Amino acid sequence: MTRFGDGLAMGPDLVRAAEEAVRQATRTLDTRADLLCVFVNGTDPQEVERAARHAMAFSDARTVLGCSADGVIAAGRGIEEASAVSAWAAILPGARLEPFRLETLQADERLVVVGMPENSPEDVAGILLADPYSFPVDAFVERSEEVLPGLPLVGGLAGGGQGETRLFVDDQIVEAGAVGVVIGGPVHAVTLLSQGARPIGPPMTVTSAEQNVLFELAGAPALDKLEEIISDLTEPERELATQGLLIGIAMDEYAEEHEQGDFLVRGVVGVDADTGALAVGDVVTTGQTVRFQVRDAGAADSNLARLVRGFDIGPVEGALLFSCNGRGRAMFGASDHDVRALDRFGSVGGFFADGEIGPVAGRNHIHGFTASILAFAESDHRKDSAI
């Protein structure tokens, strides 16, 4: 039984491209698709919307999910700078699919997110697509454990400028908020996250911090420690550091060693030369272990390859891939890098996102320069829960 399919079509006529992409994705399936994901890259939001509506009507899928994108992925290719539509279809026997649309409401002096389905112990994974301009995606994802305990979320931020984003769920097309689907039941879906960075310098303990400001590392001003590390780098490594210095926050303080992949990677966003403090893109606390990082194509390539090689839960029939729009051609010189790395994962579809959603050490986070993957293994190899 063929359970997964993917399709890709290019051209200025997005409606025709949408039909062709869906046709490719569904033509080998043995029955009606349970889930169809459609991603559209186009310059005219109205044309993107028409393409999405046509894909929904043409597919006859049980649940349809998708969004506008800065680039699309399917058929072993990534397309970043041309009008194109990708489609990915799945038959998930016995699965429970709960599509949702999230909105924000003002309550007193805070925003409240409404629309999330009720949590179930049979939930396996959730796919979340969000408009970065109208939805508090960082706060929602970082606090998702409170309302979705144990549920891994994967997905990304939709493409398009402010007011031009389009999100698709079933027969609805919306310009704001977030959409998604919770997948539950007898489905073996596993999450993988590949971060595009490698460590420089040693792991260090935070000895003074407040919110997102690092004052001291290993008992010395944070800036002094950074300058000490930079001075020991090779010239190519210094060049990488000037292109965007990062810091990794260890996810497991009890690990004997902290290496690549053990950190939640965030940007270094500011320096105070007077106090020697560093501002970073997340909250840090005294006692945590951190390690400076640089964005590196070679490290990103080897990390993704290692994840794929280490995937040992059985054959993968299909996967969704949410790749940062800073990867692809900008990082690797080729738009197809990430999808080609997943060539043994069966039918792969997805898009280039403005930010990726995926779990690290069991907690959901928003990322940059990552590849977030939801892989569907053969049901005969099902384990108790998703990783």
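Calculation rules
- Residues numbered from 1 in each chain as written.
- Predicted model: local features only at pLDDT ≥ 70, side-chain atom pairs only at ≥ 80, totals over all residues.
- Heavy atoms only, no water.
- Pairing = 2+ DSSP bridges.
- Helix = DSSP H or I, 4+ residues; strand = E, 2+ residues; numbered from the N terminus.
- Axes fitted to C-alpha atoms, helices over the stretch in contact; angles between N-to-C directions.
- Contact = heavy atoms within 4.5 Å.
- Core = buried A, V, L, I, M, F, W, Y, C linked by side-chain atoms within 4.5 Å.
- Buried < 20%, exposed > 50% of the residue type's maximum accessible area, 1.4 Å probe, protein only.
- Disulfide = S-S within 2.5 Å.
- Patch = residues over 30% accessible without salt bridge, like charges linked within 9 Å, V, L, I, M, F, W, Y side chains within 5 Å.
- Areas by Shrake-Rupley, 256 points an atom, 1.4 Å probe, with all protein chains shown as cover.
- Salt bridge = Lys/Arg side-chain N within 4 Å of Asp/Glu carboxyl O.
- Lys, Arg positive; Asp, Glu negative; His and termini not counted.
- Charge placed at Lys NZ, Arg CZ, Asp CG, Glu CD.
- Expected span 1.5 Å × (residues − 1).
- Arc of directions from axis to C-beta.
- Polar contact = N/O pair within 3.5 Å; in protein donor to acceptor, adjacent residues only side chain to side chain.

**A word on the sheet that holds strand β11 (residues 167–169)**
Strand order in the open sheet formed by six strands is β1-β6-β2-β3-β11-β12, and the pairing between neighbours is mixed. Of all strands in the sheet, those bounded by a partner on one side alone are β1 (4–10) and β12 (172–174). In this sheet, adjacent strand axes meet at a mean angle of 10° when their direction is disregarded. Relative to β11, strand β3 (residues 63–68) runs antiparallel, the two sharing three bridges. The partner of Cys67 across the bridge, within β11, is Leu167.

**Re the sheet that holds strand β27 (residues 370–377)**
Here we have six strands laid out as an open sheet, ordered β5-β4-β24-β23-β27-β14, and mixed in their pairing. Edge positions in the open sheet fall to β5 (77–79) and β14 (189–195), since each of these has one partner strand only. Averaged over all pairs of adjacent strands, the angle between strand axes in this sheet comes to 15°, irrespective of strand direction. The pairing of strand β4 (residues 72–74) with β5 spans three bridges and is classified as antiparallel. Looking across to β5, one finds that Ala74 is bridged to Arg77. Helix-sheet contacts for helix α7 (residues 297–309) involve β14 and β27, and the interaxial angle to β14 is about 160°.

**Side note on the nonpolar core**
The nonpolar side chains of a soluble globular protein tend to be buried, and buried together. Membership of the largest hydrophobic core comes to 37 residues, with the highest contact counts inside it found for Leu92, Ile127, Leu129 and Phe376. It is strand β9 (residues 123–130) that contributes the most residues to this core, four residues altogether. Contacts of Phe376, omitting those with residues within four sequence positions, involve Phe4, Trp88, Leu92, Ile183, Val187, His188, Ala189, Pro315, Val316, Glu317 and Gly318. Counting 25 residues, the second-largest nonpolar core is a separate cluster that includes Ala25, Val40, Val85 and Phe168.

**Comments concerning the state of the cysteines**
A full pass over the atoms with the stated rule returns zero disulfides. Free of any disulfide, Cys67 has its nearest cysteine sulfur in Cys37, 9.3 Å distant. Among the residues examined, Cys67 registers a relative accessible area of 0% and is labelled buried. Free cysteine Cys324: the closest other cysteine sulfur is in Cys67, separated by 14 Å.

**Describing a negative patch on the surface**
On the surface, a cluster of negative charge is contributed by Asp224, Glu227, Glu228 and Asp232. Here Glu228 lies in helix α5 (residues 222–231).

**Some words on helix α1 (residues 14–26)**
Compared with an ideal rise of 1.5 Å per residue, which puts 13 residues at 18 Å, α1 spans 18 Å between its outermost C-alpha atoms and is within 8% of the ideal. Along α1, the residues classified as buried are Leu14, Ala17, Ala18, Ala21, Val22, Gln24 and Ala25. In a view along the axis of α1, the buried residues occupy a sector of 160°, so they form one face of it. Packing partners of the buried residues in α1 comprise β1, β2 (35–41), α2 (45–59) and β6 (84–90). By the N-cap criterion, in which a side-chain oxygen at the helix start approaches the backbone nitrogen of a residue two or three places on, α1 is capped by Asp13, the distance to Val15 being 3.3 Å.

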